[in-house]
Amino acid sequence: MTDAALATKEAEAILSVNNIEVIYNHVILVLKGVSLSVPRGGIVALLGANGAGKTTTLKAISNLLRAERGEVTKGGIEFDGEQVEASSPSDLVRRGCIQVMEGRHCFGHLTIEENLMTGAFTRRDGAANVRRDLEMVYDYFPRLKERRGSMAGYTSGGEQQMTAIGRALMSRPKMVLLDEPSMGLAPQLVEEIFEIVKKLNEEQGVSLLLAEQNTNIALRYAKYGYILESGRVVMDGEAKSLRENEDVKEFYLGIGGEGRRSFKNVKHYKRRKRWLA
Amino acid sequence: MSPAFLYFLETVLNGLMTGVMYSLVALGFVLIFKASGIFNFAQGVMALFAALTLVGLQTGQVPFSHLINAIFGTDFHQFGWTLPAFVAVIGTLVVMIVFAYLFEKLVLKHLINQEPIILFMATIGLAYFLEGFGDLMWGADIKALDIGIPSGGSFWLEDVTREWAAEGSDYFGMYIDKLDVVAALVAVVLVLLLMLFSQYTATGRALRAVADDHQAAMSVGISLRNIWVIVWSIAGFVALVAGIMWGAKSGVQFSLSLIALKALPVLILGGFTSIPGAIVGGLIIGVGEKLAELYVGPFVGGAIENWFAYVVALVFLLFRPQGLFGEKIIERV
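About the cut-offs
- Residues numbered from 1 in each chain as written.
- Chains lettered and ligands numbered in written order.
- Predicted model: local features only at pLDDT ≥ 70, side-chain atom pairs only at ≥ 80, totals over all residues.
- Helix = DSSP H or I, 4+ residues; strand = E, 2+ residues; numbered from the N terminus.
- Rg over C-alpha atoms; globule rule 2.2 N^0.38 Å.
- Buried ≥ 20, exposed ≤ 12 C-beta atoms within 10 Å, placed from the backbone.
- Contact = placed C-beta atoms within 7 Å.
- UniProt positions renumbered as here; feature names shortened; annotations may be inferred.
- Pairing = 2+ DSSP bridges.
- Core = buried A, V, L, I, M, F, W, Y, C linked by C-beta atoms within 7 Å.
- Expected span 1.5 Å × (residues − 1).
- Axes fitted to C-alpha atoms, helices over the stretch in contact; angles between N-to-C directions.
- Parallel < 35°, antiparallel > 145°, perpendicular 65-115°, else oblique.
- Left-handed = near helix turned anticlockwise from the far one by under 90°.
- Nonpolar A, V, L, I, M, F, W, Y, C, P; charged D, E, K, R; others polar.
- pLDDT = per-residue confidence, 0-100.

(A) Here's a closer look at the overall build of chain B. A tally of helices and strands in chain B yields 14 helices and zero strands. Traced from its N-terminal end to its C-terminal end, chain B shows the element sequence α-α-α-α-α-α-α-α-α-α-α-α-α-α. For 333 residues, the compact-globule estimate of 2.2 N^0.38 gives 20 Å, and the C-alpha radius of gyration of chain B, at 22 Å, lies within 12% of that figure. With the C-alpha coordinates of chain B rotated into their principal frame, the extents come out at 70 × 70 × 40 Å. Evaluated residue by residue, chain B yields a buried proportion of 43% over its 333 residues. By sequence separation, contacts in chain B at least 24 residues apart represent 76% of the contacts at least 6 residues apart.

(B) Inspection of the UniProt feature "transmembrane region" (unreviewed entry) in chain B at higher detail. Residues and elements named next belong to chain B. As annotated in UniProt, the feature "transmembrane region" (unreviewed entry) corresponds to residues 12-33, 40-59, 79-103, 110-130, 181-198, 227-246, 266-287 and 294-319 in the numbering used here. Taken end to end, residues 110-130 has its terminal C-alpha atoms 19 Å apart, with 71% of it in helix and 0% in strand. For residues 181-198, the end-to-end C-alpha separation is 26 Å, with 100% helix and 0% strand making up the annotated structure.

(C) Looking closely at the interface of chain B and chain A. Taken together, the contact pairs 19 residues of chain B with 28 residues of chain A. Elements with a minimum of two residues in the side of chain B that touches chain A: helix H8 (202-212) and helix H9 (214-219) of chain B. Residue contributions to the side of chain B that touches chain A peak at six residues, all from H8 of chain B.

(D) Structural detail: unusual backbone geometry. Residue and element names in this part refer to chain A. For Asn 25, which is not glycine, the phi dihedral falls at a positive 55°. Structurally, Asn 25 is set in the loop between strand S1 (13-24) and strand S2 (28-39). Even without glycine at this site, Glu 180 takes up a positive phi of about 50°. Inspection of the secondary structure puts Glu 180 in the loop between strand S7 (175-179) and helix H8 (187-204).

(E) Expanded view of the pairing of S7 of chain A. Residues and elements named next belong to chain A. Taking burial as the measure, the five residues of S7 include five buried ones, the bulk of the element. Here S7 shows no split at all, with Met 175, Leu 177 and Asp 179 on one side and Val 176 and Leu 178 on the other all buried. The pairing of strand S6 (residues 97-100) with S7 spans four bridges and is classified as parallel. The residue of S7 that forms the bridge with Cys 97 is Met 175.

(F) Examining the UniProt feature "domain: ABC transporter" (unreviewed entry) in chain A more closely. Those places that UniProt annotates as "domain: ABC transporter" (unreviewed entry) correspond, in this numbering, to residues 15-255 of chain A. Each end of residues 15-255 of chain A is marked by a C-alpha atom, and these two atoms are 32 Å apart; helix forms 39% of the span and strand 28%.

(G) How the structure looks around the nonpolar core. Leu 210 of chain A together with Ala 47, Ala 51 and Val 231 of chain B are the most contacted members of the largest nonpolar core, which has 170 residues in total. Examining the composition of this core, we find that 18 residues originate from one element, helix H10 (residues 224-250) of chain B, more than from any other.

(H) Quick peek at the pairing of strand S9 (residues 224-229) of chain A. All names here are of chain A. Judged by how many residues are buried, S9 sits mostly within the fold: five of six residues are covered. Where strand S3 (residues 43-47) lies against S9, four bridges are found, and the strand directions are parallel. The residue of S9 that forms the bridge with Leu 47 is Ile 227. Of the strand pairs in this sheet, S9 and strand S10 (residues 232-238) are connected by six bridges, and their pairing is antiparallel.

(I) Looking closely at helix H7 (residues 157-169) of chain A. Residues and elements named next belong to chain A. In a regular helix each residue adds 1.5 Å, so 13 residues correspond to 18 Å; H7 covers 18 Å between its end C-alpha atoms and thus fits that length. For H7, the tally of buried residues reaches 11 of 13 residues, placing the bulk of the element in the interior. Looking at the buried side of H7, the elements it contacts are S6, helix H4 (112-118), helix H5 (127-140), helix H6 (142-146), S7 and H8.

(J) Highlighting the environment of Val 296 of chain B. Relative to the assigned elements, Val 296 of chain B resides in the loop between helix H12 (275-295) and helix H13 (297-300). Between the C-alpha atoms of Val 296 of chain B and Ile 268 of chain B, which are 28 residues apart in sequence, the distance is 23 Å.

(K) A look at the packing of helix H11 (residues 259-270) of chain B against helix H14 (residues 304-319) of chain B. Residues and elements named next belong to chain B. Where H11 meets H14, the axes come as close as 9 Å, and the angle between the chain directions of the two elements is 30°. Here H14 runs roughly parallel to H11, going by the angle between their axes. By crossing handedness, the relation of H11 to H14 is classed as left-handed. In contact with Lys 262, Pro 265, Ile 268 and Leu 269 of H11, H14 contributes Ala 309, Tyr 310, Val 312, Ala 313, Phe 316 and Leu 317.

(L) Here's a closer look at the sheet that holds S2 of chain A. With respect to topology, four strands assemble into an open sheet ordered S2-S1-S4-S5 (chain A), the strand pairing being antiparallel. Sheet topology places S2 and strand S5 (82-83) of chain A at the edges, where each strand pairs with a single neighbour.

(M) Inspection of the packing of helix H1 (residues 3-36) of chain B against helix H7 (residues 178-200) of chain B at higher detail. Residue and element names in this part refer to chain B. Contact geometry for H1 and H7: axes closest at 9 Å, N-to-C directions at 45°. In this view, H1 runs oblique relative to H7, as classed from their interaxial angle. You can see that H1 and H7 cross each other, and the crossing is left-handed. When H1 is examined against H7, the residues Met 17, Val 20, Met 21, Ser 23 and Leu 24 are found in contact with a partner set consisting of Asp 180, Val 181, Ala 183, Ala 184 and Ala 187. Across the contact of H1 with H7, the residue classes tally to eight nonpolar, one polar and one charged.

(N) The arrangement of the confidence of the model for chain B in detail. Residue and element names in this part refer to chain B. Per-chain confidence: chain B averages 87 in pLDDT, with 98% of residues scoring 70 or above. The spread of mean pLDDT over the elements of chain B runs between helix H6 (residues 155-164), the lowest at 82, and helix H4 (residues 85-106), the highest at 94. Note on the complex model: pTM 0.84, ipTM 0.84.

What follows is the structure, encoded as structure tokens:
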């Protein structure tokens, strides 16, 4: 990326996270200075293995962290031109930043339609507009329309994921923090959901920050990516360049540079050294 | 009709009426348990406190009069007015809402995401605090509560039922307290209102969402703290209704808070998370204990009414721990 492009990107960032540190329970340091930015209308992927701090980063942004006794102790988060580290989750939703949590978290005893309607809880622009958005969500997810009357707890994993995304859309977000949408779903379904997410991004102009373990698919849909390891950003770049990076290929995409080889021969220290150098 | 059958009928009806009173108390528990997973030990004391406040407001008692008089050496206990019942009820409702707000602000807020047992302990603390606070505010003497609900038996019903009995039998007619009938009607209206509220309003939907998944509710922008204030206010309202009914029946006194103990088996029977469960559970316990007293009591020397409910609850715990209407946990992998 040229300097000029970088400058415009900075100017247009809808979300920028600056060097945040997160501590759980006053003792456990989880994020050790994470910075990232999401351009308005862009899709950015946040990659990394289990426990790297992807979910914590998203929760720090949406401020769901505080309910888990976590705290942003350093750094700042700017959303849509305002500092938001101190805002409550409901305040953030009202401003247009909503998180779709990992593991879907639908309201099991509510119907699909009621689930979707809870997304509009913070809206004050009248029932007619909410109704229109409900139809829009059904247009994107026709499967939900068929099952609008079923209890969400009894629907399939894919339908629940769709419900969770649709519910977030009902709040008319400018930005969605999407946590692990592929978790526990069949590959075909994952593809379907990512296609819809891409369509939403293009047609509704929703910016997306996507936390994924499935590096392969995330880098296909995102334009930019950050790789987290033990609470730090160890690498970032255009999705295309990340896809072609030898280390990313080896550690996250499972494609070895020199054909197949045994992990017996891969020395652990080599990995660590290279990342944290 | 034979007198034996009429006795049976009378017992069942009286049982149903008592059951409704139990349900009223159980309802308050269910509301809070559903929305926040807290078993509110203070529900009974809340009913007592609401009844005390109602009587105090209505009769124009000066709150904290003993305290004030002790500090300033004055001697005044009464404002010297009598408020209409309607105004006093509204006033009490306001007090209960303020109470819910303060409880959230001072206690619950600091206990977000703690273990249920810790929240339970907090409600035990609340129970004792509120009991003492009620005494301090309104005095510890037994008070009569009268907001104009009819009470006593109905001569009309006695006459009608006496004619049903066989000629020459010594049946003197059915005794059903009018107060109980009113309580039953009030309970029905209350439950209908609660159901309509939770099914058809956005706030009701949010309440159910919070009951299902706290975290997800927060993620869509529902503020848990506001929801808790609302839930505790509604529970305060239910406590007020229960307090009025029980207070009118047996006077406003400390033992009013012990009806909470009777609500416990009702909850186990009906399920902790089900509003219809609280109602049906209450009715079953009410009828069950009256029938047991009538038919089994003579063989064991009576007083079955006092422990029957707990035995039923025990049996239920063994065979159907989620209760009659308790929600089964829906889980998919």
